[in-house]
Amino acid sequence: MSLREQIEGFSARSLRAVTTVITTPGGRQVIEEKDADGITRSRDAGRAEFAFCPDLQPDFQIGEPHPHVFIGSQDVAHNLELLQSVGITHILNVATGISNAFPENFIYQNIEILDLPDEDIWPHLLESFSFIQEGLNEGKVLVHWCAMLVSHALVLFYVPIS
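Residues numbered from 1 in each chain as written. Predicted model: local features only at pLDDT ≥ 70, side-chain atom pairs only at ≥ 80, totals over all residues. Heavy atoms only, no water.

Points about the overall build of the protein
And step 1. Helix and strand counts for the protein stand at five helices and eight strands.
And step 2. Relative to its 162 residues, the protein shows a buried fraction of 30%.
And step 3. Long-range pairs, those at least 24 residues apart, make up 51% of the contacts in the protein between residues at least 6 apart in sequence.
And step 4. Carbon and sulfur atoms make up 53% of the accessible area of the protein, which totals about 9600 Å². (Helix = DSSP H or I, 4+ residues; strand = E, 2+ residues; numbered from the N terminus. Buried < 20%, exposed > 50% of the residue type's maximum accessible area, 1.4 Å probe, protein only. Contact = heavy atoms within 4.5 Å. Areas by Shrake-Rupley, 256 points an atom, 1.4 Å probe, with all protein chains shown as cover.)

Structure follows, in structure tokens:
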């Protein structure tokens, strides 16, 4: 089955239901549940809001969910020594407002989307897959995000079909 057929045949109903507890910077908890139909509901009596937790520690963890496809935070994407030690040649920058730190050293593709749980990533999948495949043909690819792991989803969609 081709990549296009797999994408066109995908149904949100094939995803499992999830529950997420979000703690806002003020300490309030919002419990969100996404059902099998992909509908997100808040169990909180207050208004729904997005929460951003300050992260004061650099995150230099880098994962390799697929040979030569790496995932890591913006801290990884801004660490030239680490990128070179792994052999990265291409960087897929999935974020908003995050600059390409080393344009003279790497080939970049920018996906300007908000890194939020309800962000629609479908319009960016084929573009992302093409860039990842190009990177694999020429070297190694880092996919990095800002906070909420939207880019993890891009990689997870890519890995099973490669």
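So much for the structure itself; the text now carries on.
A closer look at the packing of aromatic side chains
And step 1. Throughout the structure, instances matching the rule amount to one aromatic pair.
And step 2. Ring geometry for F102 versus F106: centroids 6.3 Å apart, planes at 70°, classification edge-to-face.
And step 3. On the basis of relative accessibility, which here comes to 6%, the residue F106 falls in the buried class. (Phe/Tyr/Trp six-rings, centres within 6.5 Å; stacked < 30°, edge-to-face > 60°.)

Some points on the environment of L126
And step 1. The topology assignment puts L126 in helix 4 (residues 125-138).
And step 2. Sequence spacing of L126 and R4 is 122 residues, and the spatial spacing of their C-alpha atoms is 8.5 Å.

Some words on unusual backbone geometry
And step 1. Although it is not a glycine, H68 adopts a positive phi angle of roughly 70°.
And step 2. Position of H68 among the secondary structure elements: in the loop between strand 4 (62-66) and strand 5 (69-72).

What to know about the sheet that holds strand 4
And step 1. A sheet is described by the order of its strands in space; here five strands give the open sequence 4-5-8-6-7, paired in mixed fashion. The open sheet has two free edges, formed respectively by strand 4 and strand 7 (107-111), since each of these has just one partner strand. For this sheet the average axis-to-axis angle between neighbouring strands, irrespective of direction, equals 25°.
And step 2. Helix 4 contacts strand 4, strand 5, strand 6 (90-94), strand 7 and strand 8 (141-144) of the sheet and is inclined by roughly 165° relative to strand 7. (Pairing = 2+ DSSP bridges. Axes fitted to C-alpha atoms, helices over the stretch in contact; angles between N-to-C directions.)

A short note on the nonpolar core
And step 1. L92, V94, I111, I113, I132, V141 and V143 are the most contacted members of the largest nonpolar core, which has 14 residues in total.
And step 2. At the level of elements, strand 5, strand 6, helix 4 and strand 8 are the ones that each hand at least two residues to this core.
And step 3. Ranked by the residues each element gives to this core, the list is headed by helix 4, at four residues.
And step 4. In this structure, L82, L83, I91 and F102 belong to the second largest nonpolar core, which totals twelve residues. (Core = buried A, V, L, I, M, F, W, Y, C linked by side-chain atoms within 4.5 Å.)

A few points about the confidence of the model for the protein
And step 1. Looking at the protein as a whole, the pLDDT averages 76, with 63% of positions reaching at least 70.
And step 2. For the protein, per-element mean pLDDT is lowest for helix 5 (residues 150-158), which scores 52, and highest for helix 3 (residues 80-86), which scores 97. (pLDDT = per-residue confidence, 0-100.)

Points about the pairing of strand 5
And step 1. Burial along strand 5 is two-sided: the face carrying V69 and I71 and the face carrying F70 and G72 are both buried.
And step 2. Sheet analysis places strand 4 next to strand 5, joined by three bridges and oriented antiparallel. Among the inter-strand pairings, H66 is bridged to a residue of strand 5, identified as V69.
And step 3. Remark: two residues form the turn of the hairpin made by strand 4 and strand 5, two consecutive strands paired antiparallel; H68 in that turn has positive phi of roughly 70°.
And step 4. With four bridges joining them, strand 5 and strand 8 adopt parallel strand pairing. When the sheet's bridge partners are listed, F70 is paired in strand 8 with L142.

Notes on the side chain of S73
And step 1. Turning to its location among the elements, S73 is positioned in the loop between strand 5 and helix 2 (74-77).
And step 2. Beyond its immediate stretch of four places on either side in the chain, S73 contacts D59, Q61, H144 and W145.

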